[in-house]
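In case you want the letters, here they are:
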Amino acid sequence: MAKMTIAATELETLRDQKSCLEKSRDVLREAKRTLEEDVAELIKRNEGKTPFPACSKMDTDDELMSEYYLEEDVSDLQAFIKDLQQRIAADEDSQTPLYYSLEDLRCFVAGMATSNLILLQGISGTGKTSLPLAFARAVGGGNSLIPVQAGWRDKHDLLGHFNSFEHKYYETEFLKGLYRSQCPAYKDRIYIIVLDEMNLSYVEQYFADILSTMEMEPSDRLLDILTSGHSAAPRLFVDGGSKIRIPQNVWFVGTANKDETTLDFAPKTYDRSHVMELPQKIDFNFVAPPEREAISFPALAKSFEAAVLKHQPQAESSFKSFTNEFSKILASGFRIGWGNRLEKQVKRFVSVSLAAGGSVGEAMDHIFATKILYRLRDRHDVRAEDLKVLQEQIFASWAKIDQKHTPKKSQSLIEDELKRVGGEG
């Protein structure tokens, strides 16, 4: 009797459990049906819609789709630099007056002729972020400011990502800036994309695709956005809407502080970029410039090529002298060498610097300090004796490169390293 009572109790318990499971099943079926209806409604609602709402909106913006008259005469680069200095100082969008030396502006513009990636380093308050934005405004170009976040790991942090459930691409400011630069209003103007605090994350990770793409021919500089094309993609996307072009009129300017919260750039990033360290700003006599149309990018590019053609013999001669004087001592004492990329950069940088009113010594000093001697920083195998020998070689041989301009940047860097390793400095 007791066994029968227990069996009956277990049977009733199983019956109750079955009833509860059936009710749970009915609830889940209803939830599944509702979810399927919602998904179907969402898909139906997004049919025919573009997955790039912000970029597609630009296609219907009358201002962005219109072309404007541009200033085509940029033949005198020296006058261009002097005018640029005054226009940046007169920038009404800057909270404080921006006074940059002609040498710094000359270095920035010559760097633009060298690479589409510019790295601005220096202590806080020297105008690393202000310079490229003010430059873009001064030449009537476009600009985008992208604050880099710590923890960026791949290109999706920079370019955005596609949500297959919503059929929507989450567009970043970087992607929108890249698209805006190709719209008719900007395609023939200079466009600056500033990556603020670029070294908060590893550049060689989130910026890797762009570093590689920039090494290609202009017609092949394409970034993958989608795995396949889309019929409702923005009109300026290519390959069926799966890629976006990196146009020639875009320069990427990365700002970098040096402290415990930031990371060092890899050598390949330095090698492919133009590097500047901005000093404290200066004072000069300011004269309000007259109004002017936006500078034409093709005209500026043409001016760069004319400068290279005119000053190439002098640039080649200076690089040859530099190689003859310093290649052996740098290779034997510090295991530092260079390849064809640096030679090409030197020729363009020196040529444009000369056309802009600079000197061979000024240009070569900058290249020597930022492209070669920077590799000495914080190395534990550098000896004071070798640094002193290099220092003496610079003093003895620099006149063969330029008798008038002393290598101030290079000397300063070597003196800092001498102090670090226990030399006199």
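Residues numbered from 1 in each chain as written. Predicted model: local features only at pLDDT ≥ 70, side-chain atom pairs only at ≥ 80, totals over all residues. Heavy atoms only, no water.

(A) Focus on the side chain of R348. Tracing the backbone through its elements, the reader meets R348 in helix α12 (residues 340-355). Overall, the relative accessible area of 18% leaves R348 in the buried class. Those residues in contact with R348, other than ones at most four positions away along the chain, are A113, T114, F304, E305 and V308. (Helix = DSSP H or I, 4+ residues; strand = E, 2+ residues; numbered from the N terminus. Buried < 20%, exposed > 50% of the residue type's maximum accessible area, 1.4 Å probe, protein only. Contact = heavy atoms within 4.5 Å.)

(B) Region of the structure containing the nonpolar core. Counting residues in each nonpolar core, the largest one holds 70 residues, and the members touching the most others are F80, I190, F326, L330 and L390. The element that contributes the greatest number of residues to this core is helix α11 (residues 297-334), accounting for 12 residues. (Core = buried A, V, L, I, M, F, W, Y, C linked by side-chain atoms within 4.5 Å.)

(C) Main features of the pairing of strand β8 (residues 250-256). Burial of β8 is extensive: 7 of the 7 residues sit out of reach of the surface. What you see with β8 is no split at all: V250, F252, G254 and A256 on one side and W251, V253 and T255 on the other are buried throughout. Inspection of the sheet shows strand β1 (residues 117-121) paired to β8 by 5 bridges, in the parallel sense. What sits directly across from L117, in β8, is F252. As defined by bridge partners, strand β5 (residues 191-196) adjoins β8 across 5 bridges and the pair is classed as parallel. Bridge pairing in β8 links L195 to G254. (Pairing = 2+ DSSP bridges.)

(D) Just the pairing of strand β3 (residues 160-163), in detail. Direction of pairing for β3 relative to strand β4 (residues 168-171): antiparallel, over a ladder of 4 bridges. Each residue of the ladder has a partner; that of G160, found in β4, is E171. Adjacent in sequence and paired antiparallel, β3 and β4 are bridged by 4 residues, among which H167 carries a positive phi angle near 55 degrees.

(E) A look at the packing of aromatic side chains. If you walk through the whole model with that rule in mind, you get 18 aromatic pairs. Judged by centre distance (5.8 Å) and plane angle (80 degrees), the rings of F265 and Y270 are edge-to-face. Judged by relative accessible area, which is 6%, F265 ranks as buried. Taking the relative accessible area as the measure of exposure, Y270 reaches 8% and is therefore buried. Judged by centre distance (5.6 Å) and plane angle (40 degrees), the rings of F322 and W338 are tilted. One end of the pair, F322, is in helix α11; the other, W338, is in the loop between α11 and α12, and 16 residues separate them in sequence. Since its relative accessible area comes to 1%, F322 is described here as buried. Classification of W338 as partly exposed rests on a relative accessible area of 24%. Chaining the aromatic ring pairs together yields one cluster made of W152, F174, Y206, F207 and F252. The ring of Y170 has K168 sitting right over it, with the charged end atom 5.1 Å from the ring centre. (Phe/Tyr/Trp six-rings, centres within 6.5 Å; stacked < 30°, edge-to-face > 60°. Lys NZ or Arg CZ within 6 Å of the ring centre and 35° of its normal.)

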